[in-house]
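Inside the fold
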Amino acid sequence: MESRTSVSRFTFASSLCLLGFHLSGTVTEPATASEPEVTHKVAISFDRCKITSVTCGCGNRDIFYCAHVVALSLYRIRKPEQVKLRLPISETLFQMNRDQLQKLVQYLITAHHTEVLPTAQKLADEILSSNSEINQVHGAPDPTAGASIDDDNCWHLDEDQVREQVKQFLSQGGYYGSGKQLNSMFAKVREMLRMRDSNGARMLTLITEQFMADPRLSLWRQQGTGMTDKCRQLWDELGALWVCVVLNPHCKSEEKSGWLKQLKKWGDMDVCPLEDGNYGSELPNITNALPQSNLAQGLHERARLLYLTAPLFRPLLSSPLSTVTIAHRCRPRRTVFSRAVEACDLHWQDSHLQRIISSDYYMSPSYQREGESLLFNPQGLPLWLDHVPTACARVDALRSHGYTREALRLAVAIINTLRLQQQRQMDIYKHQKKELLQRNVTSTTNLEGWVGHPLDPIGCLFITLTETCRMDDDNSMDTGEGDPRPPVYHHVPVWGCPDVGESYLTLALEVALMGMGQQRIMPEGLYAQDKVCRNEEQIVSKLQELDLDDLLVQTLRKQAVQLLEGTPPAARRRLAHVLDETGLGEVIHRESVPMHTFAKYLFSALLPHDADLAYKVALRAMRLPVLESSAGSGDVGHPHHGISIVPSRYPRWFTLGHLESQQCELASTMLTAAKGDMLRLRTVLDAIQKNIHSSSLIFKLAQDAFKIATPADSPPDITLLNVALELGLQVMRMTLSTLNWRRREMVRWLVTCATEVGLRALVSILQSWYTLFTPTEATSIVAATVMSHNTILRLSLDYPQREELASCARTLALQCAMKDPQNCALSALTLCEKDHIAFETAYQIVIDAASTGMTYSQLFTIARYMEHRGYPLRSFKLASLAMTHLNLAYNQDTHPAINDVLWACALSHSLGKNELAAIIPLVVKSVHCATVLSDILRRCTMTAPGLAGIPGRRNSGKLMSTDKAPLRQLLDATISAYINTTHSRLTHISPRHYGEFIEFLSKARETFLLAQDGHIQFAQFIDNLKQIYKGKKKLMMLVRERFG
């Protein structure tokens, strides 16, 4: 519809001309609101149904044809009667005589003399010269006649424009949608390969050249930094495309040789990215897992040898090395092109392989189905024994080059091989038992996993199988409005399969489950590990697109059971140190990739059909052995099992945080599903407590459970609430002695959760506070929140219940005050206000701790609280104790405790002369700052003491004299402080502080004058200064000007 609309937009001149294999004409683009009508001259050459060259006057440069070229081509296809077909120009010229030819040439030159005249003269000169090169060749070229039958023909490709666009996109560094544009170019290459267009390899070569010329490669190498994740994914796709290209089943040997030479050249360059992005990582060469032979008998012998010397079908699952030692075998540097280089050694001449891909009904004769055979399974269906990623690369190559049926046949053979391996799992242990027990060695799991593999074998098989089941209707098309709708699949029976219930869709699901459930070692390096996680999510996303009907559910259940069983129980009891081949088996390697993401999908998919199996899978997958001190990873309720070939090394799992979050999501999914089922909730809770080691993640689970248990529109679920509370209590215990920036939030949440559970939960956390909270948290947050008015109203407590809760809170408060009086005393006093005995006990705790463990700041705070509560004498006592801990130097006139000192003196003055007389010696001893002492002295002389009105006391109402006790002592101390401070300041005074110093002396004079002979003392003080500091002439001049 869109192409028809595009053609109808344009108008075509009646002079459209089709000369042989050359179409030319003018295309007029209609005027728009902003642009006038434009006419373009278009010329198109074609050969054997391919456009081989194009020119257009529009000037647009792109790797795709412009709209005018497309419009003219479609016009010729749809309206051939409107375009007059003429013979190639050479045929027309052949029919003309000399006069006609001369007239044609002269008219042509006249019509285009400014363009062709120089060329015409040059050609004339060459023709008239008998020795010219043009006269050495018979005939002349004809652009309208087409190419020779022996000439190569390919679609037109503007190579310069390809280079320019790739260079431009790379320069943008993945921004502005350039990554999407490059992926679009890769998709164009795949489209060309599928159409068997030779330009596919040409275009990929041009793209690769620009990738290798990217200046960032040298920069990253020099700086020792990795490339960006987006860039890394583009390089991966580039390498995978080259594998597809070189595995073209019908490419010529000289083509493959040329590609191999170019790939090796790129791979030898220093800047060529490494396959796993991790320098120094050592993995075996895995592509050439098996040598190839044209003889089926040779395959028989190789398979039998592998069968006898290694676990059955182990080459299908891992590297060609059947066992791997701790010190991995070194290998050459592997680049993103290494697999393509290795793939150049593969061929398609194996007779068994040829029969597999060429027929849907290739089976072994029924009389040959007895005994062992690795060419066919017991049902007679063909197998393909090869390294799995390599075999899948063949499938991808067949599919990519347009051989869809052949790709399906090979994919089915690979899956039948994997099925047989699963069925004969027990035979592995029977054949290995004796050797393993004698050598006392550990069978290792798969070093090279299928999920996250550079060749994406599982994704390749899944797409190949599901493509043929996809219903291409309007519901699954991209409408251009938001995200495309998910595809719709239907069952397509497997051609030639005797099982009528089997379809390509069930095979796709089965192989995806096999691949995801494969036990494999976590690869080294950040990028390789991140790729495993990303590939897992991609496969799960594809699986979620499947609408699970009865057939698919049956496949799902069968695979889930097989993945769980792993090693047969009897064999496992005999060989406790042998590992399962599945990641969901009971015994796994300590560093195997966790199954959380996969298990979450299985759980959600199985739950509506087989809840017991769903929970069994999810609970088994909850483990994360790499975090265990020993590699424990058994099922819930069973002893932990696990093996680590490097027990002393803690592996560098860069994606550990992501894996733990996936573990948490799996647990949260189970909690949600188990709501209301006490037995399942208890089982899930046990799994969480055993396997999750992050307090933050357990806290998240607790929050999730609480949220699910307390919906806004229905009553809370008490069973799930109790689970949330128990998880919260575990978090409190885990973080009690560690630093956690969310600790305060966790404590507040726990109190909220306990409140929702009820009175007994609150009483429990109050009584066992020392195992959950610090004393400060227990008093300032927990007890204070529990005793708040909102909590009482939320629980609708009666009087006895309120008293029980208050009693627990008071007991907690006193215990905390005894343990940490510095931080909890004030909170304890506050919580015990309504109980006289408890309040007195708390006060005594403060008094006992005041002389040893409390600071003046804490004591002043409690003293102020006591005054506010109406205990002025107790306040005075605490203030006096605080003064004994204080030491205020002469230059600390902005000390934060000054306000407390002034308040304490004001309190003492208000209580009476006795209290003032008691505190002044403490002030004199603790405070050496002259300005603070003078401020206290001034305040004490302004009003009469005893204005607080303590019952039973009589106050005279007279102002106190500075000549008598107790103010005399304070006055002397203040004068002495001024004198000492003056000398201290003069020791290192600078001229810019002279003015400030003169003001300081003015304040000192005010204090001196409070004494009867103060003016004499001050005059003597000034004279001493003049004598001692006479060297500071400018300063002393200022002193004489102000004070004489």
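What you see is a predicted model, and the numbers here were worked out from it, not measured in a lab.

This part is about the side chain of Gln519. Counting through the fold element by element, Gln519 comes out in the loop between α20 (504-517) and α21 (526-543). Side-chain polar atoms of Gln519 contact the backbone nitrogen of His589, separated by 2.8 Å.

Okay, the confidence of the model for the protein next. Chain-level statistics for the protein give a pLDDT mean of 83 and a share of 82% at 70 or above. Taken as a whole, residues 475-481 scores under 50 in pLDDT and shows 10 contacts with residues more than four places along the chain or in a different chain. pLDDT under 50 marks residues 630-649. Its contacts with residues more than four places away, or in other chains, come to 51 contacts.

On to helix α30 (residues 743-757). Between its first and last C-alpha, α30 extends 21 Å over 15 residues, near the 21 Å set by a 1.5 Å rise per residue. When we look at burial in α30, the residues that qualify are Arg743, Met746, Val747, Trp749, Leu750, Val751, Cys753, Ala754 and Thr755. Where α30 is buried, its residues meet α28 (695-709), α29 (718-735), α31 (759-767), α32 (775-786) and α33 (789-795). Backbone geometry just downstream of α30 places Gly758 in the positive-phi region, at approximately 140°.

Take the nonpolar core next. By size, the foremost hydrophobic cluster in this structure holds 208 residues, and its most contacted members are Leu671 and Phe773. Looking at this core element by element, the count peaks at 10 residues for α20. Residues lining this core come from more than one domain, with at least three contributed by each of domain 3 (348-364 + 373-472 + 488-567) and domain 4 (594-626 + 655-744). The residues touching Leu671, leaving out its near neighbours within four places in the chain, are Leu681, Val684, Ile688, Leu701, Ala705, Leu720, Val723 and Leu727. Counting residues in hydrophobic clusters, the runner-up holds 48 residues, among them Val189, Leu206, Ile207 and Leu238.

Time to look at the pattern of salt bridges. Per the stated rule, a full pass over the model turns up 41 salt bridges. With a shortest N-O distance of 2.4 Å, Glu275 and Arg339 are connected by a salt bridge. A residue pair is termed long-range when its members are at least 10 positions apart, and Glu275 in the loop between α11 (253-268) and α12 (296-309) and Arg339 in helix α14 (residues 338-343) qualify at 64 residues. Overall, the relative accessible area of 6% leaves Arg339 in the buried class.

Cut-offs and rules
- Residues numbered from 1 in each chain as written.
- Predicted model: local features only at pLDDT ≥ 70, side-chain atom pairs only at ≥ 80, totals over all residues.
- Heavy atoms only, no water.
- Helix = DSSP H or I, 4+ residues; strand = E, 2+ residues; numbered from the N terminus.
- Polar contact = N/O pair within 3.5 Å; in protein donor to acceptor, adjacent residues only side chain to side chain.
- pLDDT = per-residue confidence, 0-100.
- Contact = heavy atoms within 4.5 Å.
- Expected span 1.5 Å × (residues − 1).
- Buried < 20%, exposed > 50% of the residue type's maximum accessible area, 1.4 Å probe, protein only.
- Core = buried A, V, L, I, M, F, W, Y, C linked by side-chain atoms within 4.5 Å.
- Domains from an automatic or database assignment.
- Salt bridge = Lys/Arg side-chain N within 4 Å of Asp/Glu carboxyl O.

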